[in-house]
Amino acid sequence: MITEIYITIYITLIFFISFLIIIIPIYVFFKIYNQKVLHYDFGYKNASLKICFIAGVHGNEPAAALLLQELIKKKYFKNSNVFIRVIPVVNRFGLNTNFRFQNNIIYPDINRNFRNGKGIDKTSKKLIELTKDMDIIIDFHEGWGFHKINEESIGSTVITGNLIQLAKEIKDDLNYTISNKNLKFSFIKKPCRIQNSFGCYNYKKNKKYILIETSGQDDIQKLSLRQEQVKIVIDTVLKFYNVSRV
Ligand SMILES: [Zn+2]
């Protein structure tokens, strides 16, 4: 009798463990693979001006993604007199793993997935959908160096093709806080420097877009400093369009 009970418990345990061994990896796989690109909306839906802040397209460029999530929690954009959409983490898998690419073997680099006027993977399509009604798009990335030291690098640059006055004000406001001339931001008017990028896509579609590149990859500068710079950019944009949040 006792032996039979032991055998029953033993078999049940074996079944249970086998079940976990099969189910857990499947659950984890779908949890990672089916990550949603979350967005947060503030202000009036029908406002005449719609501003969108985007971050975390590349997972190893975390400064703006982390800061925007904090600002959302603090309700920083609440009660705006314009419409503000924040997409804080486009590539959640990349941010969680400190990895540039998304979890898509065929189309890993989200910022190369805009071809022939459309998105070619799920994430790029989603970004297009979330920004198609936006008037102003501010997209935060982090470069690997400093443009003033090495022209190959786009670290510490503000790049646009059609929002020149705002881009220059952002550059000036950032540079006001930087004393070392080698670390200052540059304004670059080359929206299609990288073909198939989101910036180039927007430029060709006549959409107003600015790419902000702090110098941040491999923690070349402290995260707190890069986040201060992201905050300056956000506040300059809000000031430029007289956004009030009362
Ligand atoms: Zn990037």
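Residues numbered from 1 in each chain as written. Predicted model: local features only at pLDDT ≥ 70, side-chain atom pairs only at ≥ 80, totals over all residues.

In this section: the overall build of the protein chain. Within the protein chain, the secondary structure is distributed over seven helices and nine strands. By residue count, 37% of the 246 residues in the protein chain fall in the buried class. The long-range share in the protein chain, meaning contacts at least 24 apart out of those at least 6 apart in sequence, stands at 72%. (Helix = DSSP H or I, 4+ residues; strand = E, 2+ residues; numbered from the N terminus. Buried ≥ 20, exposed ≤ 12 C-beta atoms within 10 Å, placed from the backbone. Contact = placed C-beta atoms within 7 Å.)

Attention now moves to the environment of leucine 163. Residue position: leucine 163 is located in the loop between strand E7 (157–160) and helix H5 (164–175). The class of leucine 163 is buried, set by 21 C-beta atoms lying within 10 Å. Apart from residues lying up to four places away in sequence, leucine 163 is in contact with Lys208 and Ile210.

With that settled, the discussion passes to the nonpolar core. Grouped together as the largest cluster of nonpolar side chains are 48 residues, with contacts concentrated most on Ile54 and Ile138. Element by element, the count of residues in this core is highest for helix H2 (residues 63–73), at five residues. (Core = buried A, V, L, I, M, F, W, Y, C linked by C-beta atoms within 7 Å.)

Taken in spatial order, the seven strands line up as E1-E3-E2-E6-E9-E7-E8 in an open sheet, and their pairing is mixed. The two strands at the open ends of the sheet, each matched to only one other strand, are strand E1 (40–42) and strand E8 (186–188). Put simply, the sheet's adjacent strands are angled 20 degrees from each other on average, direction ignored. One ladder, built from four bridges, connects E7 with strand E9 (residues 208–215); its direction is antiparallel. Residue isoleucine 159 lies in a different strand from E9, and its bridge partner there is leucine 211. (Pairing = 2+ DSSP bridges. Axes fitted to C-alpha atoms, helices over the stretch in contact; angles between N-to-C directions.)

Okay, unusual backbone geometry next. Look at asparagine 98: it is not a glycine, yet its phi comes out positive at around 50 degrees. Residue placement: asparagine 98 occurs in the loop between helix H3 (92–97) and strand E4 (114–115). Phi is positive for asparagine 206, which is not a glycine, with a value near 65 degrees. Along the chain, the position of asparagine 206 falls in the loop between helix H6 (198–204) and E9. Owing to 9 C-beta atoms within 10 Å, asparagine 206 belongs among the exposed residues under this scheme.

Here we take up the environment of phenylalanine 146. Structurally, phenylalanine 146 can be placed in the loop between strand E6 (136–143) and E7. A sequence separation of 34 residues divides phenylalanine 146 from asparagine 180, and the C-alpha atoms of the two residues are 12 Å apart. Dropping the residues within four chain positions of it, phenylalanine 146 is found in contact with Ser153, Gly155, Ser156, Asn182, Leu183 and Ser215.

A separate point is the domain arrangement of the protein chain. When its domains are assigned, the protein chain resolves into domain 1 (1–34) and domain 2 (36–240). Placing a centre on the C-alpha atoms of domain 1 and another on those of domain 2 gives a separation of 45 Å. (Domains from an automatic or database assignment.)

It is worth spelling out the pairing of strand E2 (residues 50–54) at this point. Of all five residues in E2, five are buried; the element is thus mostly enclosed. In this sheet, strand E3 (residues 83–87) lies alongside E2 in parallel orientation, the contact comprising five bridges. Residue pairing across strands places isoleucine 51 opposite isoleucine 84, the latter belonging to E3. Note that the unit made of E2, H2 and E3 has a crossover that is right-handed. (Right-handed = clockwise from strand over helix to strand, strands pointing away.)

Before going further, it helps to examine the pairing of E6. Of all eight residues in E6, eight are buried, a share of seventy percent or more. Burial of E6 is two-sided: the residues Ile136, Ile138, Phe140 and Glu142 facing one way and the residues Ile137, Asp139, His141 and Gly143 facing the other way are all buried. Relative to E6, E2 is paired through four bridges, and the arrangement is parallel. Following the sheet pairing, phenylalanine 53 is matched in E6 by isoleucine 138. The sheet contact formed by E6 and E9 spans eight bridges and is parallel. From the neighbouring strand, phenylalanine 140 faces E9, where its bridge partner is isoleucine 212.

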